Amino acid sequence: MSKEVAESCFAMLHMEMVALAAGDDVAEATPAQLQVAARRLESAGFEVGLRLVERHSKDRARFADTLDIIKFICKDFWYEVYRKQIDKLQTNNRGVFMLQDNKHRLLSRCSPSLERQIRTANR
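We now turn to the structure provided with this report. Because the structure is predicted, anything quoted here is derived from the model rather than measured. (Residues numbered from 1 in each chain as written. Predicted model: local features only at pLDDT ≥ 70, side-chain atom pairs only at ≥ 80, totals over all residues. Heavy atoms only, no water.)

1. Observations regarding the packing of helix H1 (residues 7-22) against helix H2 (residues 31-57)
Here comes step 1: Interaxial distance between H1 and H2 falls to 8 Å at its minimum, and their mutual angle equals 140 degrees. Here H2 runs oblique to H1, going by the angle between their axes. By crossing handedness, the relation of H1 to H2 is classed as right-handed. Taken together, the residues of H2 that come into contact with H1 (itself represented by Met 17, Val 18, Ala 21 and Ala 22) are Ala 37, Arg 40, Leu 41 and Ala 44.
Here comes step 2: Tallied by class, the residues present in the contact of H1 with H2 amount to seven nonpolar, no polar and one charged. (Axes fitted to C-alpha atoms, helices over the stretch in contact; angles between N-to-C directions. Helix = DSSP H or I, 4+ residues; strand = E, 2+ residues; numbered from the N terminus. Parallel < 35°, antiparallel > 145°, perpendicular 65-115°, else oblique. Left-handed = near helix turned anticlockwise from the far one by under 90°. Contact = heavy atoms within 4.5 Å. Nonpolar A, V, L, I, M, F, W, Y, C, P; charged D, E, K, R; others polar.)

2. Topic: the environment of Met 17
Here comes step 1: Looking at where Met 17 falls in the secondary structure, it is placed in helix H1.
Here comes step 2: The spatial distance from the C-alpha of Met 17 to the C-alpha of Leu 41 is 7.6 Å, given a sequence separation of 24 residues.
Here comes step 3: Discounting chain neighbours no more than four positions away, the residues touching Met 17 are Leu 41 and Ala 44.

3. Quick look at the packing of aromatic side chains
Here comes step 1: Enumeration according to the criterion identifies three aromatic pairs in this entry.
Here comes step 2: Taken together, a centroid distance of 6.3 Å and an interplanar angle of 35 degrees make the contact between Phe 72 and Phe 77 tilted.
Here comes step 3: A relative accessible area of 5% means that Phe 72 is categorised as buried.
Here comes step 4: Following the ring pairs from residue to residue traces out a cluster consisting of Phe 63, Phe 72 and Phe 77. (Phe/Tyr/Trp six-rings, centres within 6.5 Å; stacked < 30°, edge-to-face > 60°. Buried < 20%, exposed > 50% of the residue type's maximum accessible area, 1.4 Å probe, protein only.)

4. Concerning the pairing of strand S1 (residues 88-91)
Side-chain positions along a regular strand alternate between the two faces of the sheet.
Here comes step 1: Of the pairings in the sheet, the one linking S1 to strand S2 (residues 97-100) comprises four bridges and is antiparallel in character. Bridge pairing links Lys 88 to Gln 100 in S2.
Here comes step 2: In this antiparallel pair of consecutive strands, S1 and S2, the connection spans five residues, and Gly 95 shows a positive phi of 85 degrees. (Pairing = 2+ DSSP bridges.)

5. Structural notes on the side chain of Ser 57
Here comes step 1: Mapped onto the elements of the fold, Ser 57 is located in helix H2.
Here comes step 2: Among the residues examined, Ser 57 registers a relative accessible area of 17% and is labelled buried.
Here comes step 3: Sequence-distant contacts of Ser 57, defined by excluding residues within four places in its chain, comprise Phe 63 and Phe 72.

Written as structure tokens, this is what we have:
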């Protein structure tokens, strides 16, 4: 039995989850309603991500430190989920890791926010 899912099925599931979380009329939603929808999606994403990481790391030895966890996410886990490695890994001055994926499949179809479009136009 194959463990892979067609990208089109994954994209359709993602679109339906967004539509379900946002409600019937997204165009007329208040900022508070959009925040609630975003929290629902983030919560669902966290739960799914947690289960995927547990599934992919169950046969590995325990991670020795934070750097081992980040390496696992960037090299092994990201490849298993998205079939590509992460594009960039860096830390800020507080020691927070930032992962960058320049061509994330699900986010590549999203339009930038109106605020971002205005900032870009004013440059």
